[in-house]
Each structure stands twice: as C-alpha cells, then as structure tokens.
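Descriptive analysis of the structure
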Amino acid sequence: LAKTTQPISMDSYEGQEVNITCSHNNIATNDYITWYQQFPSQGPRFIIQGYKTKVTNEVASLFIPADRKSSTLSLPRVSLSDTAVYYCLVVRTDSWGKLQFGAGTQVVVTP
Amino acid sequence: KAGVTQTPRYLIKTRGQQVTLSCSPISGHRSVSWYQQTPGQGLQFLFEYFSETQRNKGNFPGRFSGRQFSNSRSEMNVSTLELGDSALYLCASSDPEDEQFFGPGTRLTVL
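If you're wondering where the values come from, they're calculated on a predicted model, not measured in any experiment. The numbers attached to residues start from 1 for each chain and follow its sequence in the written order. Here the convention is simple: chains get letters from A, ligands get numbers from 1, in the order in which they are written. Where local features are concerned, this predicted model is filtered to residues with pLDDT of at least 70; where side-chain atom pairs are given and counted, the filter is 80 or more; whole-chain, interface and lining totals use all residues. Based on all heavy atoms of the structure, the side-chain values leave hydrogens and waters out of the count.

1. Some details on the interface of chain A and chain B
Facing 14 residues of chain A, the contacting portion of chain B comprises 18 residues. Of all residues in chain A, W96, G97 and K98 of chain A give up the largest surface area on contact with chain B, accounting jointly for 34% of the area buried on that side. The working definition used for a salt bridge is a side-chain nitrogen of Lys or Arg within 4 Å of a carboxyl oxygen of Asp or Glu. At the junction of chain A with chain B, the criterion picks out 0 salt bridges. What qualifies as a polar contact is a pair of N or O atoms within 3.5 Å, subject to a donor-acceptor requirement within protein and to the restriction that residues adjacent in sequence count only when both atoms come from side chains. In this structure, the connection of chain A to chain B is made through 7 residue pairs in polar contact (both at pLDDT 80 or more). In this description, contact between two residues means that some pair of their heavy atoms is separated by no more than 4.5 Å. By buried area we mean the combined loss of accessible area, with a 1.4 Å probe, across both parts when two parts are placed together.

Quick look at the structure:
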C-alpha cells in the first residue's frame, strides 16, 4: 500500500482556512484517499474520502490532482474545536477494513 | 443509530494476566476491525473480522486473538500481558467496502 507523508504539525488561528497536504507517490489505481480526525483519547472520525478531482462535504474539502500523487485536505474557517490530529490514509478497495495509519498532522488552533 | 460501543472503557491488569475486550458494532455492520494505539507506535491494525471469519491480520504476536459472533459483536483477547501492551484499543465497524466508524476505545493499563 502507498506510504503517506504529511506534516507533523500545523498551527492556525480561529477563522482561518487550514490546508494539509499529503504525499502518496506510489498510489495504485484501485486506491482511495481518506482522511480521519482524532481527538485525544477518542477513536478516529471519518472526515472525507475521494478518488480524484475535488470532493466537498459539510466539514471539509479534498483536492486531488490528476496524477493523484498528493492530496490536500482543506478545513474552512477553523475553530478551537478543530484542534486534533488529522490522518491521511490510502485505502485499497479490497482492504477497507484494514486501515494503515501514519503519524498524522497535529493541528492546533488558537484564538 | 447507536454508535460503536466498547466495554470496558478502562481496565487495569498485571503482567502475565489475560484480558478480553468487547465491541458491539453499529447495527447492520458486518465488518469489525481492531486497532492498538500507543504513543510510540501510533495506530496499528490488529485484525479484521467479517461474518465470523478473520479476513485480515496485522503484524502482532499470537498472544493477540479475536473472534466475531453471529450477531457481529466481536471480542479480542490478549494473553500473558506485557507492560508494552498498555494502550488504547480501538474497535471499528463498517459495511463492507465503506468507511469505518470507530468506538471510544478501551484504555488498558498493564502494571
């Protein structure tokens, strides 16, 4: 499965947009890009998933270029409650139940 | 719909003992996966069960085992506990080929 690389940490102020870029150079044709959010001592929570181009839901947007070797999670107008660890994962269609997490990106939002 | 539930939420054991953790998936979900999270190793996949059969297995010793019942509820067992088994154990359920929903976890402390 493709290895993912993302920044270890990012700081932001309330109300700003946060963009987290994830690199997955060896992504395969049947792989999807998935993002999870985790607060301390809680289970991860699914944020968004995509295959190519752009996906948007009520929480975030996911931008995937044509070569699919990277992706960017965009969190609009963050609040203090968005402080969490964000994980970028590559998920193979025959391994949905076997997620491989990296170190994630610690996002800290301050007033 | 009720979310994924895990019991107990907290557990303290001593080295050499064994422990059983329980997971009740979201109603209708047939896939249950287990993960271990530690500060040093991060989130690691243990195993996945689907229709009472182990479908995927992570790289953990045989002391870690699991099973799934006909109602999709799952248990994981760790025998001969070691200090390094102290972790947050997370269970996740899903429809096949869909996003995983995580439970709150069981915090295991081995003394």
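Once the structure has been displayed, the description carries forward.
2. Here's the deal with the pattern of salt bridges
This model, assessed by the stated rule, comprises 6 salt bridges over all chains. We note a salt bridge from E75 of chain B to R73 of chain B, for which the minimum N-O separation is 3.5 Å.

3. Observations concerning the state of the cysteines
Residues and elements named next belong to chain A. Pairs of cysteine sulfur atoms within 2.5 Å are identified as disulfides in what follows. For the coordinates displayed, the defined rule picks out 2 disulfides over all chains. Across a sulfur-sulfur distance of 2.1 Å, C22 and C88 are joined as a disulfide pair. Between C22 and C88 the disulfide shows an S-S torsion of about -80 degrees. By sign, it is left-handed. Remark: C88 occurs in strand β8 (residues 84-92) and C22 occurs in strand β2 (residues 18-23); sequence separation between them is 66 residues. Since its relative accessible area comes to 0%, C22 is described here as buried. By relative accessible area, C88 is classed as buried at 0%. Under the scheme used here, helices are H or I runs from DSSP no shorter than 4 residues and strands are E runs no shorter than 2 residues, and both carry numbers assigned from the N terminus. The buried label applies to any residue whose accessible area, calculated with a 1.4 Å probe on protein chains only, is under 20% of its type's maximum; exposed applies above 50%, and partly exposed to all values in between.

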